[in-house]
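# Structure at a glance
As a plain string of letters, each chain reads:
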Amino acid sequence: MKRGLVISTLPELDEVGEDVLRKGGTALRAVLTSFFVAAGQRPGLALAPLALLVAGVGSGVRVYDGRCRQPGLLQKRPRGFQPGESIPSAAYAAVPTAFGALALACAYDSGTTILSCSRPGMHAARAAGAAGRAELLEQAGSHGGGALNQSALRRALLGQFGPAEGGNLSPADLSPPSQLDGAAASAGAVSGLPWDAELDPGAAGSESPALAAAAGSAHGIVAIDANGQFVALGLRELTSASLIDGFETTMPLLGEPVMRGVSRVAPGAVLPLDLALEVERDPGGALIAISAKRLGASGGRELRLGRDPATKAVARLDSQVIG
């Protein structure tokens with residue numbers, strides 16, 4: 001009888017997370033370690049927009065918000081582009097906050113640090129011949145949300161996506177982000193992301209023109225451990241992204257360019273991300289299932305794990321097409 005399990009949309013990661021559980025790690029550590037290994041192997045994941053949901057016995061349901069932000073903090077508004085004018089890719093750059101969100105989640109999980117989770121990712125990057133990507137993940141492990149503000153990466157980001165190249169990225173955008181966690185939204189027995197309109201009809205719209213253009217494929221990792229911690233992570237590997245010089249990692253192009261004569265998106269504003277992460281309880285209040293939805297290139301796949309509240313046995317439920 002299995003009491004812990006990890007599954008993902010990237011099957012090669014399942015064994016990574018399972019190994020963490022076998023060694024006594026939590027579901028959170030298993031999920032984040034799997035994420036960092038994937039980020040070491042693939043250039044489009046480390047800075048991708050993401051969301052993380054963590055639930056446990058007696059601890060409630062917490063959401064960690066790693067969605068991208070609109071750049072331009074503490075920077076004078078640029079004149080903006082005119083309709084029909086060629087807009088450089090730098091103008092679409094968005095500010096990643098994934099490392100800050102993941103580091104914050106680790107702070108609430110005894111014995112789990114972002115450094116311990118990121119080390120296997122560094123090894124995976126080096127094995128792939130991506131020394132720059134390994135350096136990026138090392139900065140994430142050492143500095144969490146402050147990784148983007150470390151000297152070499154800071155210079156690369158501002159040099160490629162700052163005003164000199166037609167972008168809006170500012171030094172203030174690279175400071176450790178804030179407001180990255182909060183309580184989940186609930187609808188009956190289901191709790192999930194507070195910006196998911198299916199759980200909160202008053203939530204803001206989940207898509208913007210830039211997100212629609214940058215869609216790509218959504219990936220998920222879900223896990224349950226023997227102590228009853230339920231964790232789901234969802235992220236989007238964007239088709240619209242720009243390689244960061246020297247780091248073999250892509251910068252998400254989700255930001256909204258500033259247009260002349262048009263009100264700009266406020267610097268620091270959260271850029272939408274259409275993913276759904278949910279945890280369910282039975283009528284007695286016991287956690288029974290964790291899922292990540294709207295995955296894949298078309299947004300139709302679901303990953304789902306269930307737990308029997310009596311026996312504590314964990315099983316993979318059939319992935320299904322929604323819609």
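The numbers attached to residues start from 1 for each chain and follow its sequence in the written order. The predicted nature of this model means local features are confined to residues of pLDDT at least 70 and side-chain atom pairs, given and counted, to a pLDDT of 80 or more, with totals for whole chains, interfaces and linings taken over all residues. Only heavy atoms go into the side-chain values, all of them from the structure, while hydrogens and water stay out.

### Examining the overall build of the protein chain
Numbering of helices and strands starts at the N terminus; helices are DSSP runs of H or I of at least 4 residues and strands are runs of E of at least 2. A tally of regular secondary structure across the protein chain gives seven helices and 14 strands. On the principal axes, the C-alpha backbone points of the protein chain span a range of 65 × 45 × 30 Å. Residues counted as buried form 55% of the 323 residues belonging to the protein chain. Contacts are assigned to residue pairs that have any heavy atoms within 4.5 Å of one another. Restricting the contact set of the protein chain to residue pairs at least 6 apart, pairs at least 24 apart contribute 67%. Of the side chains in the protein chain, 28 bear a positive and 29 a negative charge, and the two mean positions are spaced by 4 Å. Partly exposed describes any residue whose relative accessible area lies between the buried limit of under 20% and the exposed limit of over 50%, with all areas from a 1.4 Å probe on protein chains only and scaled to the type maximum. Within this scheme the basic residues Lys and Arg register as positive and the acidic residues Asp and Glu register as negative, but His and the chain ends are omitted. In this description, the location of a charge corresponds to atom NZ of lysine, CZ of arginine, CG of aspartate or CD of glutamate.

### A look at the pairing of strand E12 (residues 287–295)
The element E12 is extensively covered by neighbouring structure, given that eight of its nine residues are classed as buried. What sits between the antiparallel neighbours strand E11 (residues 276–281) and E12 is a turn of five residues, in which Gly285 has the positive phi angle 95 degrees. Bridge count between E12 and strand E13 (residues 301–307): five bridges; the pairing is antiparallel. Bridge pairing in E13 links Leu295 to Arg301. Strand pairing is assigned whenever DSSP identifies at least 2 bridges connecting the two strands.

### So, the sheet that holds strand E5 (residues 185–187)
Note: strands within a sheet are paired through backbone hydrogen bonds, in either parallel or antiparallel orientation. Across the sheet, six strands lie side by side as E5-E6-E11-E12-E13-E14; this open sheet has antiparallel pairing. This sheet does not close on itself; its edge strands, each paired only once, are E5 and strand E14 (314–317). Between one strand axis and the next, the sheet turns through 20 degrees on average, direction left out of account. Sheet topology places E5 next to strand E6 (residues 190–192); three bridges connect them, and they run antiparallel. Paired with Ala187 across the strands is Val190, a residue of E6. For every element, the axis is a line fit to its C-alpha atoms; helices are fit only across the contacting stretch, and the angle between N-to-C directions ranges from 0 to 180 degrees.

### Brief notes about the packing of helix H2 (residues 27–41) against helix H3 (residues 98–107)
Across the interface, H2 lies against H3 with an axial gap of 11 Å and an inter-helix angle of 155 degrees. Considering the angle they form, H2 stands roughly antiparallel to H3. You can see that H2 and H3 cross each other, and the crossing is left-handed. Contacts between H2 and H3 involve Leu28, Leu32, Phe35 and Phe36 from the first element and Phe99, Leu102, Ala105 and Cys106 from the second. Its residues assigned to classes, the contact of H2 with H3 shows eight nonpolar, no polar and no charged. The scheme is simple: roughly parallel for angles under 35 degrees, roughly antiparallel for over 145, roughly perpendicular for 65 to 115, oblique for anything else. Should the near helix be turned anticlockwise from the far one by less than a right angle, the crossing is termed left-handed; should it be turned clockwise, right-handed. Each residue is assigned to one of three groups, with Ala, Val, Leu, Ile, Met, Phe, Trp, Tyr, Cys and Pro labelled nonpolar, Asp, Glu, Lys and Arg labelled charged, and all others, Gly among them, labelled polar.

### Quick word on the environment of Val314
Here Val314 lies in strand E14. Residues Val314 and Gly60, spaced 254 residues apart in sequence, show a C-alpha to C-alpha distance of 20 Å. Discounting chain neighbours no more than four positions away, the residues touching Val314 are Lys2, Arg3, Gly4, Leu5, Ile224, Gly306 and Arg307.

### A short note on the pattern of salt bridges
Any carboxyl oxygen of Asp or Glu within 4 Å of a side-chain nitrogen of Lys or Arg constitutes a salt bridge here. Enumeration according to the criterion identifies 13 salt bridges in this entry. Here Arg22 ties to Asp19 by a salt bridge, and the two come within 3.7 Å at their closest N and O atoms. Of this pair, Arg22 and Asp19 both sit in helix H1 (residues 14–22), three residues apart, which is roughly one turn of the helix. The residue Arg304 makes a salt bridge to Glu280 at a minimum N-O spacing of 2.8 Å. With Arg304 in strand E13 and Glu280 in strand E11, the pair connects residues that are 24 residues apart, well separated along the chain. The pair formed by Arg304 and Glu280 is uniform in burial state, with each residue classed as buried. The network of salt bridges with shared partners includes Glu15, Asp19, Arg22 and Lys23.

### So, the packing of aromatic side chains
Two aromatic rings, drawn from Phe, Tyr or Trp (for Trp, its six-membered ring), form a pair once their centres lie within 6.5 Å of each other, and the interplanar angle then sorts them: stacked below 30 degrees, edge-to-face above 60, tilted otherwise. As enumerated under the stated definition, the model contains three aromatic pairs in all. Geometrically, the ring pair formed by Phe36 and Phe99 is stacked, given 6.3 Å between the ring centres and 25 degrees between the ring planes. You can see Phe36 sitting in helix H2 and its partner Phe99 sitting in helix H3, a full 63 residues away along the chain. Each member of the pair Phe36 and Phe99 is classed as buried. Here the aromatic rings of Tyr64 and Tyr108 are separated by 6.4 Å at their centres, their planes lie at 45 degrees, and the arrangement is tilted.

### Quick notes on unusual backbone geometry
For Leu74, which is not a glycine, the phi torsion comes out positive at approximately 55 degrees. Inspection of the secondary structure puts Leu74 in the loop between strand E3 (60–66) and H3. For Leu74, a relative accessible area of 85% corresponds to the exposed category. Positive phi, normally seen in glycine, also occurs at Glu248, with a value near 50 degrees. The topology assignment puts Glu248 in the loop between strand E9 (241–243) and strand E10 (250–252).

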